[in-house]
Structures are given as structure tokens and as C-alpha cells.
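Each chain, written out:
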Amino acid sequence: MRYRLEVNGTLRDLDVPRGTTLLEALRDDLGLVAARYGCGRGQCGACFVLADGRAVTSCLMSVEQAAAHRIVTVEGLASGGELAAIQSAFVEEDAMQCGYCTSGMLISAAALLAEQPSPTDDEIRDALAPNLCRCGVQLRAIRAVKRAAEQL
Amino acid sequence: MIAQPNESPRLEERIRLEPDGRVTVFSGKVEFGQGIRTAFAKIVAAGLGITVDRVTVVLGDTAQVPYDRGTFGSRSIAQDGEILRRAAALARRLIAEGRPLEGPIPEDVPVGPPAPDAGPRRVEAPEIVTGRARFVADARLPGMLRGAIARPPVRGARPAAVDDRAARAMAGVVAVVRDGDLIGVVAKRQAQAVAAAQALEIEWTVPPAADLDTVSIPINEDAATLAALAGAATRVAATYAMPYISNAPIGPSAAVADVRTDEATVYAGTQRPFGLRDELAAVLGLPVDAVRVIPLMPSGTYGRNSLGDVAVEAARLSKACGRPILLQWSREEEFAHGPARPACALDIEAGTDADGRFVAWRYDEHTNAHGYGGTLDPRQAAFTSGRNAVPPYVVPHLAVTLHIEPSPLRTASFRSLAAAENVFAIESVVDEIAAARGEDPLELRLRNTRDPRLRAVLEAVAERSEWRERPRGDGRGLGLACTLYAHGTYIAQVAEVTVAPNGRVRLGRFWCAIDPGRVIDPNGVRNQCEGAIVQSASWTLLEELKQRDGRVATTGWDTYPIATFRDVPSEIDIELMGAPGEPPTGVGEPPGVPVAAAIANAVFAACGARVRELPITADRVRAARR
Ligand code: FES
Ligand code: FES
């Protein structure tokens, strides 16, 4: 099946089997691997992307559904060679170990900050709760979101 | 197993000056989120007097780096960090003298002061936050296909009959592979491979459970122990238990294999690139020199990547179909077929005299093999399944026995091996004795500790947490635990919890004093401490791999909850106490070790419930409170 998606501000044409998930299409057809497979069931947040500004599980969204939204992945967060505030804040706070969950956290944080530019600790915890991290960088990620909020 | 440093390291194997003035550094260690790439870059940059951005670190590529036994036991900085420190000092001298960078690296090269904590926090960070980083599952080779494996219902089951007609007819399927007991599908797309593997109709024969014996290994013998216990003024006997848990990496295991007739290249998230190379060579029937293992970042794993399972499977599929294969396990496979951390039952009895000095201590540790590679070697058992079974206190009569029991599940090493279970039992029973004597558990520990470094971390954490002053009770409690981890890292921790009327435990603040010898990268050490504490708190409060006779019922995060942003401590306070003159002793594993006891002791302080079995669920707290 042919589909046309808007990803990171660019229209991309795809020919994939019906029912292909957005996650698989991003990673295997469009070469955008920042969204990662973690569970395929909407339970871990590793695959999060922005759909019209909201954080969604790309493992549960079909390409067909995605065609109705503007999709942004972590590859599209920086603009003009400049890291977004949330990206630099994660670097500054060293808010990662293995980094496998980082893309998903960045997406949740970006969606939160767009809604609520100066979130409280609890709002940050709630917004990032869908993002599982086994390495245990949660406290650093909270600090990073706050740092980014201060810079906005 | 204690890996030995490379016998006689040579400079040309470790540091290369590139024509453009950059420096390439080689180590057989691998990075999986613990920050060693950054630490090594900083060590060499400081030694050479150059900036970190001029240093490239090559880790684990078997075609490029010197042999290494593996990355485990928090030994990377102690082993390769020290070699690189000397290598950089030697290289600097040779460069100044205009001589080539080659020759043995002597033990006694004069080295400069330790690297300052400057430069980037993590050299990979910019790539990770922009999505440029490449994990194993992101490797893409020309002509690459996807694999999926048909899993038996239980370990050891063998395929009796396979009907692959439906699977073969499915879209995208290129091959159904049958190689001994391995049955897999190769397809053009990931979803196609997974769907076809599910469509295979396989009759499995489940062999009767092997009747294996328990192996008992004395770790410390003292025939007078029981008599001495009988005469103790205060004596506590208790049994503690922990369930099987999963490494539960956020990204399930993955590997990419490109196997040709006379050579093979495998991209893997292994902790043992050379061990994996040898294993692959044997399985593929190739000479070891024809196999190249290139480590790529896996999702963080915490021991299970000492096994080569996914890489070997990918290689077998690739060999069978003659194409490069990416094999990515599903979440369910990772829970059901990844190696688990052993379960244990810990039977302990300890006694003090009337002055609160230990007189005797008996400990019977019943667990499974915690081995690297999953096998049991009795000579290594004391270091793996028996790790930290001996208490760090002065005990005149000590009898410690390790009992390794057969496991229906595949088990393997998991961060700190058996230390986390042993220290849970040891530090819980110490707390119980203090309670039985009606005294402060800090004073009991200090009275029975001669080691000045252990005393120092205990005093430090007590001061930071205001242990002696902070009010308790009314559902709020503080718990203390400490250890001297295997290789010499000292830790003491205080957990603060609140226990709700329904028994639910919430973490408040958490304090940790750690003495890991010389600290090379303080921020990296803090990050490792925080991560280990969060992960271990998750084991303690939430985790249990559900299984019956080896059939794992856990399939996803819904049935295996781990700590989320809502569950982690409100704050983690870390005091780094390493003396610059002491050799570095490792930080990846030790900070997770005392956590379970610190939390269990805090729960007791908060509400009087002594929970001796993990996870500490609300049900268990309510039952113990009655
Ligand atoms: S992979 Fe989509 S939520 Fe886990
Ligand atoms: S940094 Fe490894 S899972 Fe979050």
C-alpha cells in the first residue's frame, strides 16, 4: 500500500504492507531509528513520537493513522543545527546511561513543555511516567526538564 | 570469575597517533551505558595533555582491540583504566622524545595527577539526544533480512514435528530455518518474520525435568559455630527470600549477523566480545580469526549480555540463508527466554553476647547458578553465587555454606551477582538483632566493625541523613545498611520510606556514602550510584518473574512492573569518599547491593513490619504488621 506521511516537516512516500506500524516504517523504511522498539504494546514509551504535538506510541499507530497527523521524531527536534533546549538540557544534566529510553523521554518532555512551559516536579513525573528507564536516570531527567523550562 | 588484566600490555595495542593528530585508544571493554568510553577518553586525554575531543575510543571490536575476558564486576576502570593511564604517560614521554609509540607498558611508569573532572559528561550524549546514535537494533546492512525464532513452551523442549506450510506461504517469508533444535523464520520485514514464526505449527516434546542435585560448597567452616550460637545472649534466626527477577532491559536483545562461507561479522551488545567470537566460531565451524565481533550499544543490560544467545541465533539464521540477519527479540521473549536472576532462600542465624558483640554466625545460602555464561563451576561459585556471603563484621565463629540448587529457568549473572541477596539477609538480620537488643542499629554495626573505611562510610551516611536526630514513627521510617562489596568498594546507605495504612511503601529520600577508591569521573560515579539505587529499589519493591515449573507467565511490563518516574526516591544524596591514593574499585554494581536491606529496615522502623521476602508488596507489609 502507498502512503504519504509528513515526518519532521517533510512529506515522505511509503510503500508498505497494510497495517504496518508507524514505528516499523520510521525505523525500516524511512531510516529514522531514534524511536525504538521496547515492547510493541504501548507499555514502555521507547517508541514515542509527536503527532500534532502530542506524545503517542508509534508501536500502536498504523502508518494509515499516522498519515492524518504531523509526525515529529527526535531527529526532527533540533532546528538549523541547533539542539532544542530539552536536548541540550539532557546533555548538560547527563540524564542518560544507555540512552535507549532517551528518545521517548525527550518526546514526552517536549510535549509537556509545549503545553506547560513551567511544570512542577509532580507534573514532570506524571508526564514522563509512561517512559520506563531501567538504568534509573529519572531524577536527572526531571532536572533536565526543569533546566529546559528555565531556558524557554 | 575474576578477570585478570592483560598480562603484559603493549603500547601499540592501546594508543595510536593518527596522521591528523587525533589519538585512537583501544580497549576490550564495552560500553552499555556505564560511561567507560568517556572515562577512558578523559584518562588518555589527561595523560597526553590534550583535549578529550581529540580522542577516539574503540571498544571491544575483536579485529582491533587486544584480548579481554569481558566487561563485568565493575572492573573496567580498575583494569583498563589503569593500563590506559600508564599507556598515556608512556606515550607522552615517547612523543616528547620523538620515538614511536610502541613497546611494553611497564607497571611503574610515572603517571601524572588523575584526570580532572572536565570536558564532556558523556561523549555519546550529543548523538543520543539527536537520534544519531546507533544501537545494535539500528544496524542496517545491505541485503539484510529479519529473523524471528519459534520458542519452545519450556526450556529444554524439543521440536518433534514442524508444519511450516502456512508460514512459508505468508507475505515476505524468505526461509524457514531448521537447524537442530532452533526453528526460525527469515522474512523481508520484521512484522512478517514475527507473524510467520507464530504461524509455524510445532509439536514440542517436553523432556521430564532432570533430577539434578543440590551442590553444597562451604565458604567458611567453623565446627564450633552452633555451640557458640547456643550460648549467645541475643540470637536471631530468620529466613529471607527473593524471587526470580529479569534483567528487563528496555530494549529486548538484538544482534545482526553476516555469515559468509569463510567469514562472519556479528554486531552484538555483548559483554564478552572475545568469548562470543569463540562461541560463534565453534557454532559456525569457522576458525576464530575468521569471526569478527563488533560491539554496538545494546539497551542497558545488567549482566545478561554475558550470554551470547541472541547473537548465536542470528548467526545460525544468517548461515542457513546466506544473508545478513537482524534478529530482535520481542518483549515477551526477553521475559520468558532471557536468563533470570536466580531465586534464593537465605537461612541465617546470628548471635551476640550481652555487650552486643557478635559471638557466632551461621548462614546457609540456597540459590541457583549466578555464573557468567550460565554454567556452574564450583571453583568460581564462591565469587559468583557466593559473592558477599561473608558478613563484613568481626565474628569469632562463622559457618557459611552455599547451596546451589537446580533451576527450571535459565539463570545468569545479574548486576552484583549474589551480593544483593546475601547483603539483604546479612543487613536485615543485623537490624533484627539491634531491634531485639533495643539499640540503634548504627551503634551495633560500628561496635562490630574494625575496618576503618567501613566505619567511615557508616559515620558519613549517618551524618548526611541526620540518622541520630531525624524523627521516625507514624508511618515514616529510616533504614540503614552497608557493605564492603567484593572488590573493595565500601558503601553505607539510609533509605527513608513512608508506609500507608494499606501497606503501600513509598520511597522518600535516599542517602548513600561510597568509597570506591580513587574517583576518575565523579559525575559518572554519581550517575551509576543513582541508577543502581533506583534499579535495586525497583527489584525490592516491585519485581518478580512469575513462573511455574519453568514456564514463565510474565509477558510484558503490565505483569512485570518496574519503578517509574512516580516510584523513584524523591532525592538521592551521594557522598563520594574515595581517597585519591587508593586504587579504583568499581561503582557499577556496589551501590545497588545494600538497597533492599535499607528499605526493608526502613519499613520495619516505620510500622513494625519485618518483611523477609521480596518484593515488599503492600500485602506482605500488612501481613507482617499484624
Ligand atoms: S515500544 Fe511502543 S510503548 Fe513500548
Ligand atoms: S538510560 Fe538506559 S533505559 Fe534509560
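Here is what the cut-offs are and how they apply
- Residues numbered from 1 in each chain as written.
- Chains lettered and ligands numbered in written order.
- Predicted model: local features only at pLDDT ≥ 70, side-chain atom pairs only at ≥ 80, totals over all residues.
- Heavy atoms only, no water.
- Helix = DSSP H or I, 4+ residues; strand = E, 2+ residues; numbered from the N terminus.
- Rg over C-alpha atoms; globule rule 2.2 N^0.38 Å.
- Buried < 20%, exposed > 50% of the residue type's maximum accessible area, 1.4 Å probe, protein only.
- Contact = heavy atoms within 4.5 Å.
- Areas by Shrake-Rupley, 256 points an atom, 1.4 Å probe, with all protein chains shown as cover.
- Lys, Arg positive; Asp, Glu negative; His and termini not counted.
- Charge placed at Lys NZ, Arg CZ, Asp CG, Glu CD.
- Core = buried A, V, L, I, M, F, W, Y, C linked by side-chain atoms within 4.5 Å.
- Domains from an automatic or database assignment.
- Buried area = accessible area lost by both parts, 1.4 Å probe.
- Salt bridge = Lys/Arg side-chain N within 4 Å of Asp/Glu carboxyl O.
- Polar contact = N/O pair within 3.5 Å; in protein donor to acceptor, adjacent residues only side chain to side chain.
- Nonpolar A, V, L, I, M, F, W, Y, C, P; charged D, E, K, R; others polar.
- Axes fitted to C-alpha atoms, helices over the stretch in contact; angles between N-to-C directions.
- Parallel < 35°, antiparallel > 145°, perpendicular 65-115°, else oblique.
- Left-handed = near helix turned anticlockwise from the far one by under 90°.
- 1 Å grid on protein atoms, 1.4 Å probe; cavity = no way out; pocket = protein on both sides within 12 Å on 5 of 7 lines; lining within 4 Å.
- Points joined across faces, edges and corners; volume = space filled by probe spheres on them.
- Pairing = 2+ DSSP bridges.

Trainee: Sorry, what's going on with the overall build of chain B here?
Mentor: A count of helices and strands for chain B gives 16 helices and 25 strands. Taking 2.2 N^0.38 as the reference for a compact globule, 626 residues should give roughly 25 Å; the C-alpha atoms of chain B span a radius of gyration of 26 Å, in line with that estimate. When burial is assessed residue by residue, chain B has 61% of its 626 residues classed as buried. In chain B, the share of contacts with a sequence separation of at least 24, taken over all contacts with a separation of at least 6, comes to 77%. For chain B, the accessible surface area stands at approximately 23,200 Å², while carbon and sulfur atoms represent 49% of it. Here chain B contributes 72 positive and 77 negative side-chain charges, whose respective centroids are spaced 4 Å apart.

Trainee: Looking at this structure, I do not really get the nonpolar core. What am I missing?
Mentor: Across soluble globular proteins, nonpolar side chains show a tendency to be buried alongside one another. Ranked by size, the top nonpolar core spans 137 residues in total, and within it F90 of chain A together with W361, W557, I599 and I616 of chain B carry the most contacts. Top contributing element to this core by residue count: helix α15 (residues 595-607) of chain B, with nine residues. Here I599 of chain B is in contact with A495, V497, L507, F510, A537, T540, L541 and I616 of chain B, once residues within four sequence places are set aside.

Trainee: So what exactly am I meant to see when it comes to the domain arrangement of chain A here?
Mentor: For interface size, the figure often reported is the accessible area lost on association. All names here are of chain A. Segmentation of chain A into domains returns domain 1 (2-76) and domain 2 (85-151). Tallying the contact residues gives 15 residues for domain 1 and 12 residues for domain 2. Summing both sides of the interface, domain 1 and domain 2 together bury roughly 1,100 Å²; the carbon and sulfur share of this comes to 63%. At the junction of domain 1 and domain 2, the tally comes to zero salt bridges. Seen at the junction of domain 1 and domain 2, the total is four residue pairs in polar contact (both at pLDDT 80 or more). Here the side of domain 1 that touches domain 2 takes three residues from strand β3 (residues 48-51), the largest share from any one element.

Trainee: Looking at this model, I keep getting lost on the domain arrangement of chain B. Mind explaining?
Mentor: Residues and elements named next belong to chain B. According to the domain assignment, chain B contains domain 1 (11-133), domain 2 (138-206 + 253-328) and domain 3 (215-244 + 340-625). Measuring from the centre of the C-alpha atoms in domain 1 to the corresponding centre in domain 2 gives 33 Å. In this complex, domain 1 contributes 20 residues to the contact, which on the side of domain 2 involves 16 residues. Taking both sides of the interface into account, the surface hidden between domain 1 and domain 2 amounts to around 1,400 Å²; carbon and sulfur atoms contribute 63%. At the junction of domain 1 with domain 2, the criterion picks out one salt bridge. A salt bridge links R292 to D61; its shortest N-O distance comes to 2.5 Å. On the surface where domain 1 and domain 2 come into contact, there are two residue pairs in polar contact (both at pLDDT 80 or more). Along the lines of polarity and charge, the residues of the side of domain 1 that touches domain 2 split into nine nonpolar, seven polar and four charged.

Trainee: Looking at this structure, how should I read the packing of helix α11 (residues 419-437) of chain B against α15 of chain B?
Mentor: The description of two helices packed together rests on the angle between their axes and the distance between the axes. Residues and elements named next belong to chain B. Interhelical geometry of α11 versus α15 gives an angle of 30° and a closest axis separation of 8 Å. Comparing their axes, α15 and α11 come out roughly parallel. Of the two possible hands of crossing, α11 and α15 adopt the one that is right-handed. Each of V423, F424, E427, S428, D431 and A435 in α11 lies in contact with α15, whose residues at this interface are A596, A597, A600, N601 and F604. Its residues assigned to classes, the contact of α11 with α15 shows seven nonpolar, two polar and two charged.

Trainee: Explanation requested: the pattern of salt bridges in the structure shown.
Mentor: Between side chains of opposite charge, a pair can form as their charged atoms come close. All names here are of chain B. The tally for this structure, following the rule as stated, stands at 64 salt bridges over all chains. Measuring nitrogen to oxygen at the nearest pair gives 2.9 Å for the salt bridge that ties E124 to R122. Each member of the pair E124 and R122 is classed as buried. Two residues, R464 and D573, come together in a salt bridge whose shortest N-O distance is 2.9 Å. One end of the pair, R464, is in helix α13 (residues 452-464); the other, D573, is in strand β25 (residues 571-576), and 109 residues separate them in sequence. Overlapping salt bridges, with partners in common, bring together R235, D347, E349, R362 and D364 in one network.

Trainee: In this structure, what is going on with empty space enclosed by the protein? I would like to understand it.
Mentor: Unoccupied space between atoms shows up once a probe the size of one water molecule is rolled over them. Residues and elements named next belong to chain B. Summed over all chains, the structure comprises six cavities of 30 Å³ or more. In this structure, the second largest cavity occupies an estimated 180 Å³ of space. In terms of lining residues, the second largest cavity is bounded by 25 residues, among which S253, A254, G269, P298 and N305 are the most central. With three residues, the single largest contributor to the lining of the second largest cavity is helix α8 (residues 309-321). When its residues are assigned to classes, the lining of the second largest cavity shows 14 nonpolar, nine polar and two charged.

Trainee: I tried to follow the pairing of strand β22 (residues 505-515) of chain B on my own but got confused; where do I start?
Mentor: A regular strand places its side chains on the two faces of the sheet in alternate fashion. Residues and elements named next belong to chain B. For β22, a buried count of nine out of 11 residues is recorded, marking the element as mostly surrounded by other parts of the structure. Here strand β21 (residues 489-499) folds back onto β22, and the loop between the two strands holds five residues, one of which, G503, carries a positive phi near 95°. By the bridge criterion, six bridges tie β22 to β25 in an arrangement that is parallel. Bridge pairing in β25 links I514 to L576.

Trainee: Could you clarify how one ought to interpret the sheet that holds strand β4 (residues 54-57) of chain A in this entry?
Mentor: Where strands meet in a sheet, backbone hydrogen bonds hold them as pairs that are either parallel or antiparallel. All names here are of chain A. What the five strands build is an open sheet, ordered β2-β1-β5-β3-β4; its pairing is mixed. The outermost strands of the open sheet, each flanked by one partner alone, are β2 (10-15) and β4. Here the average twist between neighbouring strands, direction ignored, is 45°. Of the strands in this sheet, β3, β4 and β5 (70-72) are in contact with helix α4 (residues 102-115), which crosses β3 at around 30°.

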